Amino acid sequence: MPLIALEHVSRLYTSGATEVLALDDVSLHIEAGEMVAIMGASGSGKSTLMNLLGCLDKPTDGRLLVDGKNLSELSSDEMAALRRETFGFIFQRYHLLPHLDAAHNVELPAVYAGLNRRERRERAVALLRRLGLGDRLTHRPDELSGGQQQRVSIARALINGGRIILADEPTGALDSASGAELLVLLGELNALGHTVILVTHDAEVASQAKRIIELRDGRIVRDAAVSEPVGQPAPRETAGLPTVSDGPGHWTAPWREALTMSLTALNGNRLRSVLSMLGISIGIAAVVSITALGDAARTHVQISAQEASASKLVVAQSNRNLPFGAPLQSLTARDAAALRSLPGVTAVEPHYSSRVPARYGRNNDFVTANGVVGGDIDLNGQIIVQGRDIADGDLDGRSQVVVLDSLAKETLFTSEESAIGQRVILGALPFTVIGIVQPAYVKDSLGKPYFKAQGTVYIPRTTYATKLDTGQDTDSLTVHFSAQASIELFREQVRQRLLALHGGIEDFSLDSNEMLNSIFTGLLTKLSGVLSAIAGISLLVGGVGVMNIMLVSVSERTREIGIRMAVGARQRDVRRQFLIESVLLCCLGGLGGLALPWLVAQIMSFVFPGMPLAISWEALGLSLCACTAIGILFGNLPARSAAAMSPVIALARD
Ligand code: ADP
Ligand code: MG
């Protein structure tokens with residue numbers, strides 16, 4: 001069985017409307033151990049043939065068999081494996097990766113073959129020594145001469161065994177001395193058992209081979225042995241390195257390799273990497289700072305609210321946890337008295353308010369009657385438009401005087417009538433009108449103010465408590481207690497006492513400014529949520545920036561991608577590398593972004609020790625997760641486009 005067999009192979013290039021038949025019905029056998037030169041004028045199809053032989057490309061027609069395997073039946077991964085294990089490529093322009101040193105360039109095919117670090121380093125060093133480059137291991141390609149670079153690429157071709165060496169115009173870019181040296185080297189490799197196929201347009205170079213195949217316009221016009229009969233097999237791989245085929249390897253190994261390669265690539269393009277990280281940094285810094293500030297503000301509000309309500313507890317009727325329609329006991333004077341007897345209580349202040357019938361002449365309606373002391377109306381923000389407020393004398397004398405709001409006035413009087421000095425009946429008692437106020441604003445559930453539809457009247461609290469027959473119910477009680485007591489403990493005491501009085505039903509609620517507090521905290525949460533979302537958008541913008549840079553990087557590095565594929569990288573290896581590169585960019589950017597708020601937090605906690613502002617481990621973890629997600633999200637497209645590239649086209653790009 002021939003090592004390579006071409007049966008009626010054609011290769012048609014179609015680009016748009018034009019078609020080029022680069023190979024036209026080529027049939028050819030190459031045996032193991034041969035040294036073949038492919039000759040022909042420029043454009044005769046030599047490189048096309050070479051690419052087919054090296055499994056970089058597939059024929060459009062005919063069959064190509066390598067080791068008996070039909071190429072058109074292989075998947076792209078299997079083709080990559082074949083390139084990795086069987087072939088070694090030597091290109092006219094060396095095609096070394098510029099940011100890797102000689103040894104790492106040589107190691108590359110072994111990386112994709114899954115050889116462990118130590119072993120592949122040993123092989124690379126041994127090969128480079130054998131090729132006279134033992135003192136150039138850490139030199140990068142631009143620090144090496146052309147001949148040295150070509151020898152590095154030979155070492156690279158040999159590291160996985162290199163049973164078949166494919167050299168496309170290997171001397172094309174070399175001076176004649178280096179070229180001659182290279183040919184001697186190829187001859188030696190052939191003598192060691194490597195099959196060597198070389199493309200040249202130079203007859204002298206070709207004369208080194210044992211067989212010359214000449215192409216013209218995509219057809220074979222000559223196929224002749226030079227010195228020995230065609231197809232005489234030489235001994236196979238007597239002294240070459242054993243072939244490397246994919247070992248089981250640890251599953252993390254390819255990721256580690258991709259990480260190393262990505263770091264090298266990022267390092268090779270430092271300024272650009274840093275600039276594209278900056279977008280992510282700003283996004284992360286914004287999100288983290290705003291979240292941290294929001295948290296700090298909330299804590300601050302909670303602490304100050306606790307301080308403000310420390311010595312005051314408001315007991316209100318009803319409780320929103322109570323099931324709908326449950327029986328409700330009102331707060332009574334008995335409750336107030338019971339609470340007053342609790343230890344630590346300094347005062348219990350009931351707030352009186354109830355609905356009573358009001359009548360003047362023939363007009364009557366229900367109004368809300370409030371028991372107040374002088375100044376309460378002012379405190380409520382209402383303005384007395386006529387007459388006067390409740391005075392101390394009214395309270396002392398339990399006078400039957402009343403201040404109407406203008407709604408109550410309109411209900412009971414006609415617009416021409418003056419209410420001041422008139423007597424209205426509240427419940428069953430006559431009250432003298434002493435003042436008129438503007439109606440109170442009430443706020444609806446959305447916080448919009450509206451005027452109540454029904455009137456409100458204000459009478460002295462003493463009168464309310466003693467004379468207005470409303471069963472002495474109160475809307476709420478404010479319990480004042482000495483500041484030493486703990487609010488939590490005190491609240492529990494009050495709760496237990498009231499529960500006992502109300503038969504175990506919690507039809508009341510205890511509030512230490514917590515309503516306001518929770519509204520405020522809720523508002524802050526919403527606000528910082530919205531701000532974080534806006535900051536999150538800047539993070540996305542950063543992600544788009546990373547995607548953009550990655551796309552540029554992919555198109556700039558097509559040659560690198562082509563080289564990696566030629567030495568045996570699978571599509572997924574290429575995808576993985578670019579994906580990791582993008583994740584790395586994002587995560588490094590994210591860490592940079594965390595440094596700023598961290599610094600601010602350090603300074604803040606130094607300047608305002610009371611305001612705890614810190615970057616938690618959760619924030620760190622979450623940020624890194626977010627960065628990874630963004631890296632994957634925005635790196636996916638570039639990584640895919642890199643992996644989808646054809647090695648031939650990628651290599652042809654310069
Ligand atoms: P050689 O290596 O002998 O100079 P090639 O194999 O590179 O020749 O090219 C053979 C013919 O195919 C040429 O006419 C060339 O223009 C054409 N060709 C090569 N590669 C492509 C491609 N990717 N797309 C279209 N035409 C191509
Ligand atoms: Mg060519």
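Residues numbered from 1 in each chain as written. Chains lettered and ligands numbered in written order. Predicted model: local features only at pLDDT ≥ 70, side-chain atom pairs only at ≥ 80, totals over all residues. Heavy atoms only, no water.

Some points on the overall build of the chain
Stage number 1. Helix and strand counts for the chain stand at 20 helices and 22 strands.
Stage number 2. Within the chain, the proportion of its 654 residues that are buried is 46%.
Stage number 3. The contacts of the chain with a sequence gap of at least 6 include a subset with a gap of at least 24, amounting to 77%. (Helix = DSSP H or I, 4+ residues; strand = E, 2+ residues; numbered from the N terminus. Buried < 20%, exposed > 50% of the residue type's maximum accessible area, 1.4 Å probe, protein only. Contact = heavy atoms within 4.5 Å.)

Brief notes about the pairing of strand E16 (residues 423–426)
Stage number 1. In E16, alternate side chains face the same way, and those of Val 424 and Leu 426 are buried while those of Arg 423 and Ile 425 on the opposite face are not.
Stage number 2. Here 2 bridges tie strand E12 (residues 345–360) to E16, and the two strands are oriented antiparallel to one another. For Ala 358, the partnering residue across the bridge sits in E16 and is Leu 426.
Stage number 3. Note: E16 against strand E17 (residues 429–437), 4 bridges, orientation antiparallel. Paired with Ile 425 across the two strands is Pro 430, which belongs to E17.
Stage number 4. Here E16 folds back onto E17 in antiparallel fashion, the turn holding 2 residues, of which Gly 427 has a positive phi close to 65 degrees. (Pairing = 2+ DSSP bridges.)

As for the pattern of salt bridges
Stage number 1. According to the stated counting rule, one finds 22 salt bridges in the structure shown.
Stage number 2. The salt bridge partner of Arg 211 is Asp 223, with a shortest N-O separation of 2.9 Å. You can see Arg 211 sitting in strand E9 (residues 211–216) and its partner Asp 223 sitting in strand E10 (residues 219–225), a full 12 residues away along the chain.
Stage number 3. Linking Glu 581 and Arg 557 is a salt bridge whose minimum nitrogen-to-oxygen distance equals 2.7 Å. Taken as a pair, Glu 581 in helix H18 (residues 571–607) and Arg 557 in the loop between helix H16 (514–556) and helix H17 (558–566) lie far apart in primary sequence, 24 residues in all.
Stage number 4. When its relative accessible area of 11% is taken as the criterion, Arg 557 is described as buried.
Stage number 5. Overlapping salt bridges bring together Glu 107, Arg 120, Arg 121 and Glu 257 as one network. (Salt bridge = Lys/Arg side-chain N within 4 Å of Asp/Glu carboxyl O.)

Topic: the sheet that holds E9
Stage number 1. Spatially, E6-E7-E8-E3-E9-E10 is the arrangement adopted by the 6 strands of the open sheet, whose pairing is mixed. Since the sheet does not close on itself, it has two edges, and those belong to strand E6 (87–90) and E10, each with one partner. If you compare each strand with its neighbour and ignore which way they point, the axes differ by 15 degrees on average.
Stage number 2. As judged from the 5 bridges shared by strand E3 (residues 35–40) and E9, these two strands associate in the parallel manner. Of the residues in E9, the one forming a bridge with Ala 37 is Ile 212.
Stage number 3. Against the sheet, helix H1 (residues 46–53) makes contact with E3, E6, strand E7 (164–168), strand E8 (195–199) and E9, and its axis sits at roughly 145 degrees relative to E3, the strand it touches most.
Stage number 4. Against the sheet, helix H5 (residues 146–158) engages E6 and E7, with an angle of about 170 degrees to E6. (Axes fitted to C-alpha atoms, helices over the stretch in contact; angles between N-to-C directions.)

Side note on the side chain of Asp 394
Stage number 1. Following the sequence through the fold, Asp 394 ends up in helix H12 (residues 392–396).
Stage number 2. Looking at Asp 394, the relative accessible area reads 7%, which means it is buried.
Stage number 3. When neighbours within four sequence positions are excluded, Asp 394 is seen to be in contact with Arg 388, Asp 389, Ser 399, Val 401, Ile 434, Pro 460, Thr 462 and Thr 463.

Some thoughts on the site of ligand 1
Stage number 1. Taken together, Tyr 13, Val 20, Ala 22, Ala 41, Ser 42, Gly 43, Ser 44, Gly 45, Lys 46, Ser 47 and Thr 48 form the complete shell of residues around ligand 1.
Stage number 2. For ligand 1, an oxygen atom lies 3.1 Å from a polar atom in the backbone of Gly 45.
Stage number 3. Take Ser 47: an N or O atom from its side chain is 2.7 Å from an oxygen atom of ligand 1.
Stage number 4. With the chains in place, 63% of the 560 Å² that ligand 1 exposes on its own is no longer accessible.
Stage number 5. Examining the composition of the shell around ligand 1, we find that 3 residues originate from one element, H1, more than from any other.
Stage number 6. Classifying every residue of the shell around ligand 1 gives 4 nonpolar, 6 polar and 1 charged. (Near = heavy atom within 4 Å. Polar contact = N/O pair within 3.5 Å; in protein donor to acceptor, adjacent residues only side chain to side chain. Areas by Shrake-Rupley, 256 points an atom, 1.4 Å probe, with all protein chains shown as cover. Nonpolar A, V, L, I, M, F, W, Y, C, P; charged D, E, K, R; others polar.)

Describing the environment of Ser 532
Stage number 1. With respect to the helices, strands and loops of the structure, Ser 532 is situated in helix H16.
Stage number 2. Residue class for Ser 532 comes out buried when judged on its relative accessible area of 18%.
Stage number 3. The spatial distance from the C-alpha of Ser 532 to the C-alpha of Gly 294 is 9.3 Å, given a sequence separation of 238 residues.

Quick look at the state of the cysteines
Cysteine pairs can be linked by a disulfide, which is a covalent bond between their two sulfur atoms.
Stage number 1. Scanning the entire structure with this criterion turns up 0 disulfides.
Stage number 2. With no disulfide partner, Cys 586 has as its closest neighbouring cysteine sulfur the one in Cys 627, 6.3 Å distant.
Stage number 3. According to the relative accessible area criterion, Cys 586 is buried, its value standing at 0%.
Stage number 4. The closest cysteine sulfur to the non-disulfide-bonded Cys 587 is located on Cys 627, 5.4 Å from its own sulfur. (Disulfide = S-S within 2.5 Å.)

Considerations on the sheet that holds strand E1 (residues 4–15)
The strands that make up a sheet pair up through hydrogen bonds in the backbone, lying either parallel or antiparallel.
Stage number 1. Pairing is antiparallel in the open sheet, where 4 strands are placed in the order E2-E1-E4-E5. This sheet does not close on itself; its edge strands, each paired only once, are strand E2 (18–30) and strand E5 (69–70).
Stage number 2. The pairing of strand E4 (residues 61–66) with E5 spans 2 bridges and is classified as antiparallel. Note that in E5 the partner of Val 66 across the bridge is Lys 69.
Stage number 3. Against the sheet, H1 makes contact with E1, E2 and E4, and its axis sits at roughly 120 degrees relative to E1, the strand it touches most.

Observations regarding the UniProt feature "transmembrane region" (unreviewed entry) in the chain
Stage number 1. Cross-referencing UniProt, the feature "transmembrane region" (unreviewed entry) maps to residues 530–554, 578–599 and 619–637 in the present numbering.
Stage number 2. In the segment residues 578–599, helix accounts for 100% and strand for 0%; the C-alpha atoms at its two ends are 32 Å apart.
Stage number 3. Counted over residues 619–637, helix gives 100% and strand 0%. Its end C-alpha atoms are 28 Å apart. (UniProt positions renumbered as here; feature names shortened; annotations may be inferred.)

A few points about the confidence of the model for the chain
Stage number 1. Scored by pLDDT, the chain has a mean of 83; 87% of the residues are at 70 or more.
Stage number 2. Ranking the helices and strands of the chain by mean pLDDT puts E9 first, with 94, and strand E18 (residues 441–443) last, with 53.
Stage number 3. pLDDT under 50 marks residues 229–239. Its contacts with residues more than four places away, or in other chains, come to 21 contacts. (pLDDT = per-residue confidence, 0-100.)

So, empty space enclosed by the protein
Stage number 1. Counted according to the given criterion, the structure contains 1 cavity of 30 Å³ or more.
Stage number 2. Of the voids in this model, the largest cavity is the one considered here, and its volume is about 60 Å³.
Stage number 3. Every residue along the wall of the largest cavity is listed here: Arg 83, Phe 87, Gly 88, Phe 89, Pro 109, Arg 156, Ala 157, Asn 160 and Val 567.
Stage number 4. Among the elements that make up the lining of the largest cavity, the one with the highest residue count is E6 (3 residues). (1 Å grid on protein atoms, 1.4 Å probe; cavity = no way out; pocket = protein on both sides within 12 Å on 5 of 7 lines; lining within 4 Å. Points joined across faces, edges and corners; volume = space filled by probe spheres on them.)

Describing the nonpolar core
If you look at soluble globular proteins, the nonpolar side chains tend to sit buried side by side.
Stage number 1. If you look at the biggest cluster of nonpolar residues, it comprises 71 residues, and the most contacted ones within it are Ile 4, Leu 6, Leu 53, Phe 87 and Ile 197.
Stage number 2. The element that contributes the greatest number of residues to this core is H18, accounting for 8 residues.
Stage number 3. Shared between two domains, this core holds at least three residues of each, these being domain 1 (4–248) and domain 2 (265–302 + 518–652).
Stage number 4. Discounting chain neighbours no more than four positions away, the residues touching Ile 4 are Leu 28, His 29, Ile 30, Leu 53, Leu 64, Leu 65, Phe 87, Ile 164 and Ile 197. (Core = buried A, V, L, I, M, F, W, Y, C linked by side-chain atoms within 4.5 Å. Domains from an automatic or database assignment.)

Concerning the pairing of E17
Stage number 1. Taken together, the 3 bridges between strand E14 (residues 384–387) and E17 define a ladder with antiparallel strand orientation. Paired with Gly 387 across the bridge in E17 is Gly 435.
Stage number 2. Sheet topology note: the strand E15 (residues 401–405)/E17 ladder contains 5 bridges and is parallel. Residue pairing across strands places Leu 404 opposite Ile 436, the latter belonging to E17.

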